[in-house]
Amino acid sequence: MFGTATAAYQIEGAASEDGRTPSIWDTFSHTPGHVLNGDTGDKADDFYHRWQEDLKLIRDLGVNAYRFSIGIPRVIPTPDGKPNEKGLDFYERIVDQLLEYGIDPVVTLYHWDLPQYLNENPQTDGWLNRDTAYRMAEYAGIVAKRLGDRVHTYTTLNEPWCSAHLSYGGTEHAPGLGGGPLAFRAAHHLNLAHGLMCEAVRAEAGPKPDLSVTCNLQINRGDSDAVHRVDLIANRVFLDPMLRGYYPDELFAITKGICDWEFVRDGDLELIHQPIDVLGLNYYSTGLLAMSDRPQFPQSTAASTAPGASDIDWLPTKGPHTEMGWNIDPDALYNTLVRLNDDYDHIPLVVTENGMACPDKVEVSADGVKAVHDGDRIDYLSRHLDAVHRAIDEGSNVIGYFVWSLMDNFEWAFGYSKRFGLLYVDYDSEERIKKDSYNWYRNFIAEHSAK
Ligand code: BGC
Ligand code: BGC
């Protein structure tokens, strides 16, 4: 499976059209100080109106899968939980068009746009509230019922680490609570939502669906004790309950004193531990850790999103970095795919996101042809695809790879300042311009896909 990926809030725009109501990201981006330059997703790539043109560009890329997310506040805009037909119709049109082009729709159910009505009291609602997991399951069932005869692959959550640690531990993502160890409470409710959503999709989708979850593992190098601890706090807090049915005892041990885990109720782990068909991995870069000689909580962003790691330092990484300031480390992708294969019983793996932000510039030739020469992105993608290839040779069951992203879009706290697309987007005219990487990926797929 070769594909490319996007998410609803990052591309759709049309924030108050056809019955859509705000999500926590609308509220967050409209609150000054949260998103660079005050950018919001109000218009974004205007995909809501330009989807036909964009799906043609996806078709011309030659991918056989497109990963996108359902905008929850478009589909269930009100607290009574009633589906909005216009919202469901929109996603149905996309699915039908993709199928007509021979492209598999890979549907992400939660890519961070929690309806604002589920977060009325930020101190107790949202993912701090257990009930949110049940509401998400109802929503997932509604989507599966409507699209289940045509959509085969569902991802419950995209990057629960971001939804727990960046959103509740830290302040970088909506709702930006900055509550340190409250991240674990959010994490548990996200895990529960994953389990309940799996059940709901399985009940409603008709023929046996492929179920998955996508994690952005925090992959670090450096001091091995520090690496191990961050792995527990950031990665195994999701992977172990979902794939093995328990939280590691060591996780309880290292968080003793900051979290009592009283929110884990009898029976929860059975609900969370659902059989899934695929594990998704979003991979971009690695961190570098050391044990700190400072006795007190270091106030760095990374530390505030890793409660239980107050004596760990995040060091500057070496080598070339992307526009995000992220280092480039394809070997770690190889290592991670091999490790996931070993640790989780040869589970089928998909790299659901991989890509690079570059300082892209449009160049116009004498005859008026526009081009974006993003050789660095091509180099990044080809080195990571090579790492995937090596992992497969080593026995990992990797069945797919998706480039993040189809087109430049709203990069969360960085607004429109960071460009990840294969297509360049001119935000004034909404024109799409093919970058060199678009053409390169098209040729790569043509040469390498199984016939
Ligand atoms: C960044 C987020 C980003 C995420 C991607 C975080 O470190 O701060 O903006 O979406 O990583 O994995
Ligand atoms: C997310 C995307 C984001 C990308 C780059 C991942 O965190 O799933 O939404 O744009 O990484 O930061």
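Note that the structure is a prediction, hence the values are computed from the model and not measured.

**Digging into the site of ligand 1**
Lining the immediate surroundings of ligand 1 are Trp112, Glu159, Leu166, Glu172, His173, Asn216, Trp326, Glu411, Trp412 and Phe414. Glu172 places a side-chain nitrogen or oxygen 2.3 Å from an oxygen atom of ligand 1. Between an oxygen atom of ligand 1 and a side-chain N or O atom of His173, the distance comes to 3.5 Å. When atom positions are compared with the pocket grids, ligand 1 is found to occupy the largest pocket. Split into classes, the residues belonging to the shell around ligand 1 amount to five nonpolar, two polar and three charged.

**Observations regarding helix H9 (residues 224–244)**
Relative to the 30 Å expected for 21 residues at 1.5 Å per residue, H9 spans just 23 Å between its end C-alpha atoms, considerably shorter than the ideal helical length. If you look at H9, its biggest bend is around 60 degrees, right at Arg236. With 16 of 21 residues buried, H9 lies mostly within the body of the structure. Among the residues of H9, the N-terminal cap falls to Asp223, whose side-chain oxygen and the backbone nitrogen of Asp225 are separated by 3.1 Å. Positive backbone phi, at 85 degrees, marks Gly245, one or two positions downstream of H9.

**Details of the environment of Gly280**
Relative to the helices and strands, Gly280 resides in strand S7 (residues 278–282). As a C-alpha pair, Gly280 and Val351 span 71 residues in sequence and 5.8 Å in three-dimensional space. Those residues within four positions of Gly280 in sequence are excluded, and the remaining contacts are Val213, Thr214, Cys215, Val350 and Thr352.

**Some remarks on the pattern of salt bridges**
Inspection of every chain in the model, using the stated rule, returns 33 salt bridges. Across the pair Glu85 and Arg146 runs a salt bridge whose closest N-O atoms are separated by 2.8 Å. Here Arg146 lies in helix H6 (residues 131–147) and Glu85 lies in helix H5 (residues 85–100), a separation of 61 residues in the sequence. What emerges from the salt-bridge pattern is a single network uniting Glu85, Asp89, Glu92, Asp96, Arg146, Asp149 and Arg150.

**With respect to the layout of surface pockets**
The space that makes up the largest pocket amounts to roughly 1000 Å³. Lining the largest pocket are 44 residues, and of these Trp161, Leu166, Gln218, Ser285 and Trp326 sit closest to its centre. Where the lining of the largest pocket is concerned, the elements lending two or more residues are helix H7 (160–169), H9, strand S8 (287–291), helix H12 (301–304) and strand S9 (312–315). The dominant element in the lining of the largest pocket, judged by the number of residues it contributes, is H7, at three residues. Contributing to the lining of the second largest pocket are 17 residues, with Phe2, Val388, Ile392, Phe444 and His448 lying nearest its centre. Those elements giving two or more residues to the lining of the second largest pocket turn out to be helix H14 (375–393), strand S13 (398–404) and helix H15 (436–448).

**Some details on the UniProt feature "active site" (unreviewed entry) in the protein**
In the numbering used here, UniProt assigns the "active site" (unreviewed entry) feature to Glu159 and Glu353. The named residues occupy 195 residues along the chain; their greatest pairwise C-alpha distance, 10.5 Å, places them in one compact cluster. Put simply, the named residues that line the largest pocket are Glu159 and Glu353. Inspection of the secondary structure puts Glu159 in the loop between strand S4 (153–158) and H7. The class for Glu159 is buried, based on a relative accessible area of 6%. The contact partners of Glu159, leaving out residues within four places of it in the chain, are Trp112, Thr214, Cys215, Asn216, Asn282 and Glu353. Assignment of secondary structure puts Glu353 in strand S10 (residues 349–353). Sequence-distant contacts of Glu353, defined by excluding residues within four places in its chain, comprise Arg67, His111, Asn158, Glu159, Leu281, Asn282, Tyr283, Tyr284, Phe402 and Trp404.

**Notes on the site of ligand 2**
In the neighbourhood of ligand 2, 13 residues make up the surrounding shell, with Gln10, Glu159, Glu353, Glu411 and Trp412 lying closest. A distance of 2.8 Å separates an oxygen atom of ligand 2 from a polar side-chain atom of Glu353. The side chain of Trp412 places a nitrogen or oxygen atom 2.8 Å from an oxygen atom of ligand 2. Relative to its unbound accessible area of 310 Å², ligand 2 is 95% covered by the protein chains. Assessed atom by atom at 2 Å from the grid points, ligand 2 resides in the largest pocket. A per-class count over the shell around ligand 2 returns six nonpolar, four polar and three charged.

**Observations concerning H7**
Here H7 lies mainly inside the structure; ten of its ten residues are buried. When we look at burial in H7, the residues that qualify are Pro160, Trp161, Cys162, Ser163, Ala164, His165, Leu166, Ser167, Tyr168 and Gly169.

**Quick notes on the nonpolar core**
Judged by nonpolar contacts, the single largest core of 147 residues is most densely connected at Trp25 and Tyr110. Sorting elements by how many residues they give to this core places helix H8 (residues 182–204) first, with eleven residues. If we skip the residues at most four places from it in the chain, Tyr110 touches Ile24, Ile72, Trp127, Met136, Thr155, Thr156, Leu157, Asn158, Ser163, Leu190 and Met197.

**Here's the deal with the pairing of S10**
Of all five residues in S10, five are buried; the element is thus mostly enclosed. Of the pairings in the sheet, the one linking S7 to S10 comprises four bridges and is parallel in character. Pairing of Asn282 across the sheet is with Glu353, part of S10. One ladder, built from three bridges, connects S10 with S13; its direction is parallel. If you follow Val350 over to S13, its bridge partner there is Gly400.

Rules used in this analysis
Residues numbered from 1 in each chain as written. Chains lettered and ligands numbered in written order. Predicted model: local features only at pLDDT ≥ 70, side-chain atom pairs only at ≥ 80, totals over all residues. Heavy atoms only, no water. Near = heavy atom within 4 Å. Polar contact = N/O pair within 3.5 Å; in protein donor to acceptor, adjacent residues only side chain to side chain. 1 Å grid on protein atoms, 1.4 Å probe; cavity = no way out; pocket = protein on both sides within 12 Å on 5 of 7 lines; lining within 4 Å. Sits in = over half its atoms within 2 Å of the grid points. Nonpolar A, V, L, I, M, F, W, Y, C, P; charged D, E, K, R; others polar. Helix = DSSP H or I, 4+ residues; strand = E, 2+ residues; numbered from the N terminus. Expected span 1.5 Å × (residues − 1). Bend = angle between axes of the 7 residues up to and from the residue. Buried < 20%, exposed > 50% of the residue type's maximum accessible area, 1.4 Å probe, protein only. Contact = heavy atoms within 4.5 Å. Salt bridge = Lys/Arg side-chain N within 4 Å of Asp/Glu carboxyl O. Points joined across faces, edges and corners; volume = space filled by probe spheres on them. UniProt positions renumbered as here; feature names shortened; annotations may be inferred. Areas by Shrake-Rupley, 256 points an atom, 1.4 Å probe, with all protein chains shown as cover. Core = buried A, V, L, I, M, F, W, Y, C linked by side-chain atoms within 4.5 Å. Pairing = 2+ DSSP bridges.

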